[in-house]
Amino acid sequence: MEGNNDRPEGHLDPPIDELSPSSTKQLTLENSIGKDQQQRQSSLSLTRQLSNVAVCSLLDVETDHEVIESLELLLNSVVEIFCNSIPCNFMSPWQVRLQVANTSSGFIIKDRWILSNAHGVSNHSTIRIRKHGDPKKYPGRILHIAHECDLVILTVDDDQFWDNVEPLTFSDKIPRLQESIIVVGYPIGGDNLSVTKGVVSRVCMSTYSHSLEYLLTIQIDAAINPGNSGGPAIQGKQVVGMSFQIVNEAQSIGYIIPVVVIKHLLDDIALHGRYTNFPTIRFRYQSMENSSYRKYLKLTDDQHGILVTSIEPASVFSKILKKDDVIIAMDDKSIADDGTIYFRRGERLNFIHSIKSKFVGDTVTLRIIRQGEEITLTSSLCNIPALVPYHSHDKRPEYLIYAGIVFTVLTRFYLYEWGNDDWDQKAPKHFVSLAYNGKLQELTQQIVVMNQILSDDVNYGITSDATDAVLKSVNGIEIKNIKHLAELIDEISNKEDDGFIRFEMESEEFIVIQCKEAKESEERILTQNSIAHARSEHLR
């Protein structure tokens, strides 16, 4: 299973970018949520945590009542979160799907904050939070949400909720291998708190199935059951992480988000007043373990690193890196031929960890070998989205309907409409290729696709072959994004009522619509299909 979790060589950041759903579907989240659209993004489903075990046996101190009482005080800060979510329909973007009810866990930290997993409250309509031993469910609200690291910070405005609770504190260390951890949460099958003990199996970089982000995780050997997402992992009296996903079809392999990732979010909010995301690198690379590569690139025996094979044009690294550069160090951390850096005694991590530990706006120093010469380069860090976005949590799909032709934006969630686990086999191949291999040219670039045609006299005779096509231009003007498309349609329609609009596809097919007929048909088409608006909100 480690091949599914560890970053494959030579792939775009994040690492899952070119992993097929068949190789990643075994990673699953762990809240008791229905299979709604927001979970499809990862081709990875949900599962959870641990059978009930007596607190005494977990601690191996059956007669030490002070220690037991101390743990019970910690458990009072663990809460259960009830959320109703409204998933989006990306194939018919003006619609939503049936409401989904799900539960997850969380725990109280400083400043009347409650920390939990983002996947438990995505696309929420209502949130209720219940304390340990309290039958009342209090209305909750989101303060900050970070989908990339699958974390959310909530609060409760009712002062009564905060009676007799103490915030949990975080440890400053990452647990070592074979150290014991107690995991707490509310798995399905009952209303009471569940406590389980496990040990650390390894610390590694893994794909976060909620977002396809590639961050540090701690693997534990405890079984995980639906409902425990967001529950704390505790060592002594301090939190060392949060449970969030497992490997499906495997026994006793669970993952927790380590404190270093949680503190990255908290520090980000403290520094910037909001969550600013994690930096991305957006270049492709491959290992240098093969001796022929090393000889070809004139590397000495004591020079090691990774080979840059391509850089996305929109990335900040496109300004300083070139194809065939060999990156030998980042911030004075030497990179091995397999792409790893030193972590701690006996353990190494992918060099991406060095980037993900920083904030957007920070700088990174690279030492590279270019044509046999060693060069030092410096670059700022930013978060560049993928050409086909990895997730669309809490975002309604963008769409525009003109003369019954539905245009929308190509995203991973749109592709998941073809199948949860096998979208790359069922979706149109040119869409899949863009998702795996597309490179962002400009920050505002979007792939606009013709989703479907709502049948009407105005579009009679336009064949269905034109659907599932990438829009290239309108009246000869290349389309940058869906907002640009809306602006061009408005400009042409307002200028010439009896004019025409020619939509040309990447496949070189084209459609021509008369502006006057399109205007006359709009209300009729919307009424026939029970659609409230011809455009998504920000395009109106």
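On a predicted model such as this, the values are computed, not experimentally measured, just so you know.

Caption draft 1: Spotlight on the overall build of the protein. A tally of regular secondary structure across the protein gives 13 helices and 28 strands. The buried share among the 540 residues of the protein stands at 59%. The contacts of the protein with a sequence gap of at least 6 include a subset with a gap of at least 24, amounting to 65%. Carbon and sulfur atoms provide 46% of the accessible area of the protein, an area that totals close to 22700 Å².

Caption draft 2: Region of interest: the sheet that holds strand S4 (residues 114-116). Here we have 6 strands rolled up into a closed barrel, ordered S2-S3-S4-S7-S6-S5, and antiparallel in their pairing. Strand-to-strand twist in this sheet, taken as the mean axis angle between neighbours without regard to direction, amounts to 40 degrees. Across 7 bridges, the pairing between strand S2 (residues 78-85) and strand S5 (residues 124-131) is antiparallel. Across the sheet, cysteine 83 pairs through a bridge with isoleucine 127, a residue of S5. On the sheet, helix H6 (residues 259-272) packs against S4, strand S6 (137-146) and strand S7 (151-156) and is oriented at approximately 60 degrees with respect to S7.

Caption draft 3: The side chain of arginine 284, seen in detail. Structurally, the position occupied by arginine 284 is in strand S14 (residues 283-286). At 3.2 Å, the side chain of arginine 284 and the backbone oxygen of tyrosine 436 are in polar contact.

Caption draft 4: How the structure looks around the pairing of S2. Taken across its 8 residues, S2 has 7 buried, putting it largely inside the fold. Bridge count for S2 against strand S3 (residues 100-108) is 8 bridges, and the pairing is antiparallel. From the neighbouring strand, phenylalanine 82 faces S3, where its bridge partner is threonine 103.

Caption draft 5: Inspection of unusual backbone geometry at higher detail. In the Ramachandran plot, lysine 298 falls in the positive-phi region, its phi being about 60 degrees despite a non-glycine side chain. The topology assignment puts lysine 298 in the loop between helix H7 (291-296) and strand S15 (306-311). The phi dihedral of alanine 403 is positive, around 55 degrees, even though this residue is not glycine. Relative to the elements of secondary structure, alanine 403 occurs in the loop between strand S22 (399-402) and strand S23 (405-409). Judged by relative accessible area, which is 5%, alanine 403 ranks as buried.

Caption draft 6: Looking closely at the nonpolar core. Among the nonpolar cores identified, the biggest contains 99 residues, and Phe170, Phe283, Phe317, Leu321, Ile327 and Phe351 are the most heavily contacted of them. In this structure, Phe407, Ile513, Ile531 and Ala534 belong to the second largest nonpolar core, which totals 37 residues.

Caption draft 7: Main features of the pattern of salt bridges. What the rule picks out here adds up to 18 salt bridges. Between lysine 358 and aspartate 331 there is a salt bridge whose closest N-O contact spans 3.0 Å. Placement of lysine 358 in the loop between helix H8 (352-356) and strand S20 (363-370) and of aspartate 331 in the loop between strand S16 (326-330) and strand S17 (333-334) is noted, with a sequence separation of 27 residues between them. By relative accessible area, which is 24% here, aspartate 331 ends up partly exposed.

Caption draft 8: Spotlight on a nonpolar patch on the surface. Taken together, the side chains of Phe500, Phe510 and Val512 define a hydrophobic patch exposed on the protein surface, amounting to about 300 Å² of accessible area. Within the secondary structure, phenylalanine 510 sits in strand S28 (residues 510-514).

Caption draft 9: Inspection of helix H12 (residues 482-495) at higher detail. When the terminal C-alpha atoms of H12 are compared, their 20 Å separation across 14 residues agrees well with the 20 Å that a helix rising 1.5 Å per residue should span. Taken as a whole, H12 has its buried residues at Ile482, His484, Leu485, Ala486, Leu488, Ile489, Ile492 and Ser493. Its side-chain oxygen at 3.2 Å from the backbone nitrogen of lysine 483, asparagine 481 defines the N-terminal cap of H12.

Caption draft 10: The environment of serine 521, seen in detail. Looking at the secondary structure, you find serine 521 in helix H13 (residues 515-528). In contact with serine 521, not counting residues within four places along its chain, are Ala403, Asp456 and Val458. For serine 521, the side chain forms a polar contact with the main-chain oxygen of alanine 518, separated by 2.9 Å.

Caption draft 11: Quick peek at helix H11 (residues 429-437). For H11, the complete set of buried residues consists of Phe431, Val432, Ala435 and Tyr436. One side of H11 holds all its buried residues, which, seen down the axis, span an arc of 130 degrees.

Caption draft 12: Representation of the environment of glycine 185 within the structure. With respect to the element layout, glycine 185 can be found in strand S8 (residues 180-185). With 41 residues separating them in the primary sequence, glycine 185 and proline 226 have C-alpha atoms 9.9 Å apart. Other than its neighbours up to four places away in sequence, glycine 185 contacts Ser105, Leu193, Ser194 and Asn228.

Caption draft 13: A look at the packing of aromatic side chains. In this structure the tally under the stated criterion is 18 aromatic pairs. By the ring-pair criterion, three or more aromatic residues cluster together here, those being Phe90, Phe413, Tyr416, Trp423 and Tyr436. Sitting over the face of the ring of phenylalanine 82, lysine 137 holds its NZ or CZ atom 4.0 Å from the ring centroid. Here the basic side chain of arginine 502 rests over the ring of phenylalanine 510, its NZ or CZ set 3.8 Å away from the ring centre.

Caption draft 14: Layout of the side chain of histidine 353. Residue placement: histidine 353 occurs in helix H8. Each residue touching histidine 353, except ones within four places of it in the same chain, is listed here: Met205 and Leu216.

Caption draft 15: Local environment of the confidence of the model for the protein. Confidence along the protein averages 87 in pLDDT terms, with 86% of residues attaining 70 or more. Scored below 50 in pLDDT, residues 1-23 makes 82 contacts in the model with residues more than four places away or belonging to other chains. Across residues 32-63 the pLDDT falls below 50, and counting only partners more than four positions away or on other chains, this stretch makes 143 contacts in the model.

Caption draft 16: Representation of the pairing of S5 within the structure. Sheet topology places S5 next to S6; 3 bridges connect them, and they run antiparallel. Across the sheet, arginine 128 pairs through a bridge with proline 139, a residue of S6. Joining the antiparallel neighbours S5 and S6 is a turn of 5 residues, in which glycine 133 adopts a positive phi near 80 degrees.

Caption draft 17: Region of the structure containing the environment of valine 388. Assignment of secondary structure puts valine 388 in the loop between strand S21 (373-380) and S22. Taking the relative accessible area as the measure of exposure, valine 388 reaches 2% and is therefore buried. On a C-alpha basis, the gap between valine 388 and asparagine 437 in space is 9.5 Å, while along the polypeptide they are 49 residues apart. Other than its neighbours up to four places away in sequence, valine 388 contacts Leu410, Thr411, Arg412, Leu415, Leu434 and Ala435.

What counts as what
Per chain, the residues get numbers from 1 upward, laid out in the order the sequence is written. Only residues with pLDDT of at least 70 get local features here, since the model is predicted, and only at 80 or more are side-chain atom pairs given and counted; chain-wide, interface and lining totals rely on the full set of residues. Calculated side-chain values reflect all of the structure's heavy atoms, with hydrogen atoms and water omitted. Helix and strand assignments follow DSSP, with helices taken as H or I runs no shorter than four residues and strands as E runs no shorter than two, numbered in order from the N terminus. Exposure is judged per residue with a 1.4 Å probe applied to protein chains only, and the accessible area is read against the type maximum: over 50% gives exposed, under 20% gives buried, and values in between give partly exposed. In this description, contact between two residues means that some pair of their heavy atoms is separated by no more than 4.5 Å. For the accessible areas, the method is Shrake-Rupley and the probe is 1.4 Å, while residue cover comes only from the protein chains on display. At least two bridges found by DSSP between two strands are what make those strands a pair. Under this scheme, a helix contributes an axis fitted over its contacting stretch, all axes are lines through C-alpha atoms, and angles between N-to-C directions fall in the 0 to 180 degree range. Polar contacts, as used here, are pairs of N or O atoms within 3.5 Å; protein pairs need one atom able to donate a hydrogen and one able to accept it. Residues neighboring in sequence count only if both atoms are side-chain atoms. Take the buried residues of types Ala, Val, Leu, Ile, Met, Phe, Trp, Tyr and Cys, join any two whose side-chain atoms come within 4.5 Å, and each joined set is a nonpolar core. The salt bridge criterion pairs a side-chain nitrogen of Lys or Arg with a carboxyl oxygen of Asp or Glu, the two atoms within 4 Å. Exposure above 30% relative accessible area and the absence of a salt bridge qualify a residue for a patch, where like charges join within 9 Å and nonpolar side chains (Val, Leu, Ile, Met, Phe, Trp, Tyr) within 5 Å. For a helix, the expected span equals 1.5 Å multiplied by the number of residues minus one. Each C-beta atom gives one direction from the helix axis, and the arc is the one those directions make. Ring pairs shown here join Phe, Tyr and Trp side chains whose ring centres sit within 6.5 Å, with only the six-membered ring taken for Trp; geometry is labelled stacked below 30 degrees between planes, edge-to-face above 60, and tilted in between. Any Lys NZ or Arg CZ found within 6 Å of a ring centre and within 35 degrees of that ring's normal is scored as a charge over the ring. Scored from 0 to 100, pLDDT reflects the predictor's confidence in each residue.

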